[in-house]
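Examining the three-dimensional arrangement
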Amino acid sequence: MFAVHLMAFYFTKLKEDQIKKVDRFLYHMRLSDETLLDIMARFQTEMEKGLAKDTNPTASVKMLPTFVRAIPDGSENGEFLSLDLGGSKFRVLKVQVSEKGQRNVQMESQFYPTPNEIIRGHGGELFEYVADCLADFMKTKELMHKKLPLGFTFSFPCRQTKLEEGVLLSWTKKFKARGVQDTDVVIRLTEAMKKHKDMDVDILALVNDTVGTMMTCAYDDPYCEVGVIIGTGTNACYMEDMSNIDLVEGDEGRMCINTEWGAFGDDGALEDIRTDFDRELDLGSLNPGKQLFEKMISGLYLGELVRLILLKMAKAGLLFGGEKSSALHTKGKIETRHVAAMEKYKEGLANTREILMDLGLEPSEADCIAVQHVCTIVSFRSANLCAAALAAILTRLRENKKLARLRTTVGMDGTLYKIHPQYPKRLHKVVRKLVPNCDVRFLLSESGSTKGAAMVTAVASRVQAQRKQIDEVLALFGLAHEQLVGVQHKMRAELEYGLKRKTHPLATVKMLATYVCGMPDGTEKGKFLALDLGGTNFRVLLVKIRSGRKSVRMYNKIFAIPLEIMQGTGEELFDHIVQCIADFLDYMGLKGARLPLGFTFSFPCRQKSIDKGTLIEWTKGFKATDCEGEDVVDMLREAIKRRNEFDLDIVAVVNDTVGTMMTCGYEDPNCEIGLIAGTGSNMCYMEEMRNIELVEGDKGKMCINTEWGGFGDNGCIDDIRTQYDKEVDEGSLNPGKQRYEKMTSGMYLGEIVRQILIDLTKQGLLFRGQISERLRTRGIFETKFLSQIESDRLALLQVRRILQQLGLDSTCEDSIVVKEVCGAVSRRAAQLCGAGLAAVVEKRREDQGLEHLRITVGVDGTLYKLHPHFSRILQETVKELAPQCDVTFMLSEDGSGKGAALITAVAKRL
């Protein structure tokens, strides 16, 4: 018994002594946590350099854009071919990706050797060999004469400007084929395939093996956005925000970046942690001075590092009693598989003895323990370095997403990671220690890179097909120049119908006379009240106008109009209005004064004079009974009488569009048009009296309120209305009415977008085919969301947040599509508005017999003011359709308040 204890003690002591001896000898290979955090920070800096345009040319970590913009969403299906060139063997696969919600992938593959004379011979021969192997595979699988898309995994650094091309930057690993560097390998392979006449293959994607690994894992786990390979070579890729990639146009979405991290340190950034063994190994390699990080990590070099260390220790008399064998002197005699075998948990020491004896050495028990520990230090350092660089990538992802905690998956592949007994555990542990605020799942990729290439191809063909469907929907909203000219001419015809006595009753554009015949001339003065009713809020204003200096001061108060009053009786509505006026007069201390009042009433009215306005019909959600066909001025007077507290002199009833024109006309005498592009859409302009057949007299001008929202109610623009416009119209309060307004105004644009989003989701093109309850709710997609989503300053992350408020869980790709839909709908609205306006300015030019017209348009409305592109597109359209008119757009300062007071002042003056 005592002897057993003595033996155990002796062995433990021996092990400790050997381990200490090796630790002292390899002191520089042990990396502290501080050093790892420092390496992590250095790698972050290198990533920044590689992504920026100015520093990329000199960066050692190349950060190559791969043009892979989307990860699988599970809807991919079809048959694909895949090639994998870059490792010790070359592989061809046929991949069948199934559909109908069944995420399963069937693969048939064939390995072909990569003989040295091929991979180090002439480039032409290499690609011919690849094409021959592919043809052989297709014949065996009876795939000739079938048109198949192909994904090409090519595991070398390439510069890409699109998915289906790749210019080889440099060979790595053991490849050295001549005349391939700086050429497009897709073109080279396509040329080589042409010799096989019966092969119909379309190369859709060139993929790096790391990207393939990420895509394979992403098919099974949608959280996967990083791919890492630790095998013969080592590399990593991850999904980067487009806004951070200087080398590629566009800021929308994400793209996979192939870091090519093997070259980290080629600029000297890692000199302080490289050892003499690393330098010696590098000098004896095929590419001295290159891929220095890879040479400290990957399977191609670990065994060689161990050999150099053992040789040096033997020379120093620390191993094998100072004896060295010729095999120990021979490069490449210890391979990574040997290192893995020596580190096995139980049989490691026995394996070590066997391997050393095969090398012609006679190891003692102590030698075996020491050699095993050398292997541990070399492979542990590899895992540490990998973990530091991966931690930098994970930190970048977390910061890009502005998250306190990141949940993500890393797709892993490579022989070293797969066969080494301790490697995965060590890597995972160090990564979690370096980034405690990331919850990382490591997923081993099955048949990674090749299945991945098929996945990239499947995603590319899915994205292509989906893109085509989405483009078909968006194309419905694109208006060609001829179509806009058509709208302009139809609008012109409708304006004429509305002005003529004979056609007026049937006209959809009502062309209502306003009895506003003069513009302000600057002599107006006095105190005026203004009321403004036209939406869910009601305002009362006191306006003080001083002549000479053109100064206007305003005091106002806003009152809400509850829904039950908007849709109650007319008497209740006007009593509510008078109650609000009384509150305001009290508030301003004006109860006794009989002030002149202008009433902005933003609904279609037929006027007999400036202070008489009969409501034709309610719009904008108002439904109060017993008002249509009644004079709103009389209704207001009666409500004031009922209250019997104060009296007012109602001078003018005004449409908000006219108020807008008047406000701008006060500043600019050229202003003869008022335009509102807000909740509703309308326009007024100064017309020659001789053209207004419904009003007596031929002298001078009068402002016409076109009420152009009804344009198209007779079907004249049905050719440009889409199914979505029809759905919005049918679900509105006034089906069949105000069709032009429903295509151009803020109240409806969000609703059009919602209908399109529902349709695209039903087609499986958005939100993974899931329609949320919120999206089914009418009116949920407010127009302000359009303005926010289309803002150029808004990153897709913020678009996703807006969509989240609507209960829509969107991917990056979804957000891009939503942004495009919003853009198409608002662009069309601005163009239609511009075409209508062009009809009016051209009419004014012709009526005045001018070659060239200079005119100002006063504009108001939230859509025009707040939408990032609406005003620009509107102005461009007018310029394009009315080139002989020089149109200035002027933003109105409170048309419905100040404008009503000015009209009242002008009416008093005249």
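Residues numbered from 1 in each chain as written. Predicted model: local features only at pLDDT ≥ 70, side-chain atom pairs only at ≥ 80, totals over all residues. Heavy atoms only, no water.

An unreviewed UniProt entry annotates the protein chain as hexokinase of Galeopterus variegatus.

1. Remarks on the sheet that holds strand S16 (residues 537–546)
Operational definition: For two strands to count as paired, DSSP must find a minimum of two bridges between them. A helix here means a DSSP run of H or I that spans at least four residues, while a strand means a run of E at least two residues long, and both kinds are numbered starting from the N terminus. Every axis in this analysis is a line fitted to C-alpha atoms, fitted for helices over the stretch in contact. Angles between the N-to-C directions lie between 0 and 180 degrees. In this analysis, two residues are considered to be in contact whenever any of their non-hydrogen atoms come within 4.5 Å of each other.
Read across the sheet, five strands follow the order S17-S16-S15-S18-S21 without closing on themselves; strand pairing throughout is mixed. One side of each edge strand has no neighbouring strand; the edge strands of this open sheet are strand S17 (551–560) and strand S21 (649–654). Ignoring strand direction, the axes of neighbouring strands in this sheet form an average angle of 20°. Bridge analysis of S16 against S17 gives ten bridges, and the strand direction is antiparallel. Counted as the bridge partner of Val543 is Met554 from S17. Contacts between helix H18 (residues 570–588) and the sheet are confined to strand S15 (526–533), S16, S17 and strand S18 (596–601), with S17 contributing the most and set at about 130° to the helix. Those strands touched by helix H19 (residues 632–643) are S15, S18 and S21, and its axis lies near 145° from that of S21.

2. Quick word on the packing of helix H4 (residues 123–140) against helix H5 (residues 185–193)
Stated formally: By definition in this entry, angles of less than 35 degrees are roughly parallel, angles greater than 145 are roughly antiparallel, angles of 65 to 115 are roughly perpendicular, and the rest are oblique. Crossing handedness: left-handed means the near helix sits turned counterclockwise from the far one by under a right angle, and right-handed means the same turn made clockwise. The classification used treats Ala, Val, Leu, Ile, Met, Phe, Trp, Tyr, Cys and Pro as nonpolar, Asp, Glu, Lys and Arg as charged, and all other residues, Gly among them, as polar.
Closest axis-to-axis distance for the H4/H5 pair is 8 Å, and the angle between their directions is 60°. Considered as vectors, H4 and H5 are oriented oblique to each other. For the pair H4 and H5, the crossing hand works out as right-handed. Note on element contacts: H5 touches H4 through Val185, Arg188, Leu189, Ala192 and Met193, opposite Gly123, Gly124, Phe127, Glu128, Val130, Ala131 and Leu134. For the contact of H4 with H5, the per-class residue count stands at eight nonpolar, two polar and two charged.

3. Some thoughts on the environment of Leu765
To be explicit about the condition: Only protein chains enter the accessibility calculation, which uses a 1.4 Å probe. A residue is then buried if its area is under 20% of the maximum for its type, exposed if over 50%, and partly exposed in between.
On the secondary structure map, Leu765 appears in the loop between helix H23 (746–762) and helix H24 (783–790). On the basis of relative accessibility, which here comes to 7%, the residue Leu765 falls in the buried class. Distance in space between the C-alpha atoms of Leu765 and Leu585 is 57 Å, their sequence separation being 180 residues.

4. Focus: the packing of aromatic side chains
Put simply, the rule reads: Only rings of Phe, Tyr and Trp enter the pairing, Trp through its six-membered ring, and a pair is recorded when the two centres are within 6.5 Å. The plane angle decides the type: under 30 degrees is stacked, over 60 is edge-to-face, the rest tilted. Two thresholds decide whether a charge sits over a ring: the Lys NZ or Arg CZ must be within 6 Å of the ring centre and within 35 degrees of the ring normal.
Scanning the model with the defined rule gives 23 aromatic pairs in all. The residue whose ring lies beneath Lys557 is Tyr587, and the NZ or CZ to ring-centre distance is 4.5 Å.

5. Topic: the packing of helix H2 (residues 33–51) against helix H14 (residues 423–434)
Look at H2 against H14: their axes get within 11 Å of each other, and the N-to-C directions meet at 75°. By the angle between their directions, the pair H2 and H14 is classed as roughly perpendicular. Along its contact with H2, which presents Asp33, Leu36, Leu37 and Met40, the element H14 presents Val430, Lys433 and Leu434. Considered class by class, the residues forming the contact of H2 with H14 number five nonpolar, no polar and two charged.

6. Details of the environment of Val695
Of note, Val695 is situated in the loop between strand S23 (681–688) and strand S24 (701–705). Residue classification places Val695 among the buried residues on the basis of a relative accessible area of 12%. If we ignore the near neighbours within four places in the chain, the residues touching Val695 are Ala513, Tyr515, Met689 and Met702.

7. Overview of the nonpolar core
Soluble globular proteins: nonpolar side chains tend toward being buried together. Heads up, the condition is: Among buried residues, the Ala, Val, Leu, Ile, Met, Phe, Trp, Tyr and Cys ones that are joined through side-chain atoms within 4.5 Å form a nonpolar core.
Counting 115 residues, the largest nonpolar core has Ile230 and Trp261 as its most contacted members. Of all the elements, helix H12 (residues 365–400) adds the most residues to this core, at 19 residues. Discounting residues that sit within four places of it in the chain, Ile230 has contacts with Ile297, Cys386, Met412, Asp413, Gly414, Thr415, Leu416, Tyr417, Tyr423 and Leu427. Of all hydrophobic cores here, the second largest spans 86 residues; its members include Leu479, Met689, Val817 and Leu837.

8. Notes on the state of the cysteines
Linking two cysteines covalently through their sulfur atoms gives a disulfide. Which entries qualify depends on this criterion: Note that a disulfide, as used here, is simply two cysteine sulfur atoms within 2.5 Å.
Inspection of every chain in the model, using the stated rule, returns zero disulfides. You can see Cys368 has no disulfide; the closest cysteine sulfur is in Cys375, sitting 11 Å from it. Here Cys716 is not cross-linked by a disulfide; its sulfur's nearest cysteine counterpart is in Cys833, at 15 Å.

9. Some details on a positive patch on the surface
The cut-off we apply is this: A residue counts toward a patch only above 30% relative accessible area and without a salt bridge, and it is joined to like-charged neighbours within 9 Å or, for Val, Leu, Ile, Met, Phe, Trp and Tyr, to nonpolar neighbours within 5 Å. Method for areas: the Shrake-Rupley scheme with a 1.4 Å probe, in which residue coverage is limited to the protein chains shown. Put simply, a salt bridge is a Lys or Arg side-chain nitrogen that is within 4 Å of an Asp or Glu carboxyl oxygen. Only four residue types enter the charge count, namely Lys and Arg as positive and Asp and Glu as negative; His and the chain termini do not. Every charge is mapped onto a representative atom, which is NZ of Lys, CZ of Arg, CG of Asp or CD of Glu.
A contiguous patch of positive charge, built from Arg120, Lys174, Lys176, Lys290 and Lys331, is present on the exposed surface. When you line up the elements, Arg120 lands in the loop between helix H3 (116–119) and H4.

10. Some details on the sheet that holds S23
A sheet is described by the order of its strands in space; here six strands give the open sequence S14-S24-S23-S22-S25-S26, paired in mixed fashion. The open sheet has two free edges, formed respectively by strand S14 (512–513) and strand S26 (885–891), since each of these has just one partner strand. Two strands pair when backbone bridges link them, and strand S22 (residues 671–677) and S23 are joined in this way by five bridges, in the antiparallel orientation. Its bridge partner lying in S23, Leu675 is registered against Met683.

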